[in-house]
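Structural characterization, general
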Amino acid sequence: MRSDVGVYWQLVKAGFRRQSHYRLAMAAGLLTNLVFGFVRAAVLMTAVQENDGFGGYDRGTIGAYIWLSQGLLGAIAFWMLPDIVERIRTGDVAIDFLRPVDIQFAHLAEYLGRAGFSLLPRGLPSILAGALTFGLAFPATPGPYALGAISLLLAMILSFLSMFAVSLAGFWLIETRGLRSLHMICGTFLAGLFAPVHLFPDWLRTVAYSTPFPSMLQWPVDLLSGRTTGWDAVEILAVQCFWLVVLVALGQLLLRAGRRKLEVQGG
């Protein structure tokens, strides 16, 4: 068991080193974060100023929502192409099944290393830019940050497991690009990227709550910004853990079914 943990930890470090090589991509990602952050801030700040009590947000809390969500984008897997997609297409995944590590957890470990690095050159500067230009409301006690850090880790894991499960459709479909695009569009919207989930109409909020997507962005932002505290914060972590179990189980079931269905679609 200890050796297995060591293997996964090495994969985390490998993912961190791999992502550190893409410095221009990180710079481009930061620039994109800032541009869209200022656009979102202009729209939502105006809405808050013109509508008192706008969804329970004021200038400081809506600013925290905007810039935290922008800062976390690089660590959330909505836009990533998991390596498993190409390995299924070429049939190389057959080799992965023979390795003494779990395919799902191995890819997850490597992704967490990449996501962890992305928080440094993209996440922190984005939040700093928002703090300097708009002034953000953050908690004054350490509790929300501790719970927020746990929630953020769970969010990164959930976002990967969700995209990983979608990518496993490649065992049955020749091309999964459309399915992954649909997942990205629906996921980012229901996760609260374009507008907080709290502002959704009741019926749409119910739809969002029935999916794992708010757990990938809205909930960690709520905890880190101090909007949600106490037992409500614990409830959020419990919901994230529930979806963690569901998505791990789904990925394992799809891998087992895919192994039986394995077809080499490449040359």
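Structure first, text after, so check above.
Attention in this report is confined to the structure presented alongside it. Computed from a prediction, not measured in an experiment: that's the story for all the values here.

At their nearest, the axes of helix H7 (residues 143-167) and helix H8 (residues 177-190) sit 9 Å apart, and the two run at 155° to each other. Taken as axis vectors, H7 and H8 run roughly antiparallel relative to one another. The handedness of the crossing between H7 and H8 is right-handed. Listed contacts from H8 to Ser 162, Met 163, Val 166 and Ser 167 of H7 are Leu 179, Arg 180 and His 183. By residue class, the composition of the contact of H7 with H8 is three nonpolar, three polar and one charged.

What follows deals with the nonpolar core. Ranked by internal contacts, the top residues of the largest apolar core, which has 59 residues, are Ile 62, Ile 84 and Phe 160. Contributing elements (two or more residues each) for this core: helix H2 (23-50), helix H3 (59-72), helix H4 (83-90), helix H6 (103-133), H7, helix H9 (202-209), helix H10 (218-225) and helix H11 (230-261). Of all the elements, H7 adds the most residues to this core, at eight residues. Contact partners of Phe 160, with chain neighbours within four places excluded, come to Ala 77, Met 80, Gln 104, His 107, Leu 108 and Tyr 111. Among the nonpolar cores identified, the runner-up in size contains six residues, and Trp 219, Ala 233, Ile 236 and Leu 237 belong to it.

Packing of H6 against H11 leaves a shortest axis separation of 9 Å and a crossing angle of 125°. By the angle between their axes, H6 is oblique relative to H11. For the pair H6 and H11, contact is made by Ile 103, Gln 104 and Phe 105 and by Leu 247, Val 248, Gly 251, Gln 252 and Leu 255, respectively. Taken together, the residues that form the contact of H6 with H11 break down as five nonpolar, three polar and no charged.

A few words now on the environment of Ala 14. Note on placement: Ala 14 falls in helix H1 (residues 2-20). Ala 14 gets classed as partly exposed once you look at its relative accessible area, which sits at 28%. Linking Ala 14 and Gly 74, residues 60 residues apart in sequence, is a C-alpha distance of 18 Å.

Let's shift gears to the side chain of Arg 180. Along the chain, the position of Arg 180 falls in helix H8. What Arg 180 contacts, discounting residues up to four positions off in sequence, is Leu 81, Val 85, Met 163, Val 166, Ser 167 and Glu 175.

This part covers a nonpolar patch on the surface. A cluster of nonpolar side chains, namely Leu 31, Val 35, Phe 36, Val 39 and Val 43, defines an oily patch on the protein surface of about 480 Å² accessible area. Within the secondary structure, Val 35 sits in helix H2.

Looking now at H4. Listed as buried for H4 are Ile 84, Val 85 and Ile 88. The buried residues of H4 occupy one face: seen down the axis, they fall within an arc of 110°. Packed against the buried residues of H4 are helix H5 (93-96), H6, H7 and H8. Phi turns positive, to about 90°, at Gly 91, one or two residues after H4.

Locating Leu 124 in the fold gives a position in helix H6. Judged by relative accessible area, which is 52%, Leu 124 ranks as exposed. For the pair Leu 124 and Gln 70, spaced 54 residues apart in the sequence, the C-alpha separation amounts to 9.9 Å.

About the criteria used
- Residue positions are given per chain, counted from 1 along the sequence in the order it is written.
- Confidence filtering applies because this is a predicted model: local features only for residues at pLDDT of at least 70, side-chain atom pairs given and counted only at 80 or more, and all residues used for totals across whole chains, interfaces and linings.
- The basis for the side-chain values is all heavy atoms of the structure; hydrogens and waters are excluded.
- With axes taken as lines fitted to C-alpha atoms, and helix axes fitted only over the stretch in contact, angles between N-to-C directions fall between 0 and 180 degrees.
- Helix and strand assignments come from DSSP, with helices taken as H or I runs of at least 4 residues and strands as E runs of at least 2, each series counted from the N terminus.
- The labels follow the angle: roughly parallel below 35 degrees, roughly antiparallel above 145, roughly perpendicular from 65 to 115, and oblique for the rest.
- Note on convention: near helix rotated counterclockwise from far helix by under a right angle means a left-handed crossing. Clockwise means right-handed.
- Note on contacts: a residue pair qualifies if any of its non-hydrogen atoms lie within 4.5 Å across the two residues.
- Amino acids are sorted into nonpolar (Ala, Val, Leu, Ile, Met, Phe, Trp, Tyr, Cys and Pro), charged (Asp, Glu, Lys and Arg) and polar (every other residue, Gly among them).
- Residues belong to a common nonpolar core when they are buried Ala, Val, Leu, Ile, Met, Phe, Trp, Tyr or Cys residues joined through side-chain atoms within 4.5 Å.
- Relative accessibility thresholds used throughout: buried, under 20% of the residue-type maximum; exposed, over 50%; partly exposed, between the two (1.4 Å probe, protein chains only).
- In this scheme, patches are assembled from residues that exceed 30% relative accessible area and form no salt bridge. Like charges are connected within 9 Å, while nonpolar side chains (Val, Leu, Ile, Met, Phe, Trp, Tyr) are connected within 5 Å.
- Computed with the Shrake-Rupley method and a 1.4 Å probe, the accessible areas treat only the protein chains shown as cover for residues.
- What makes a salt bridge here is a side-chain nitrogen of Lys or Arg within 4 Å of a carboxyl oxygen of Asp or Glu, nothing more.
- Directions from the helix axis toward the C-beta atoms define the arc.

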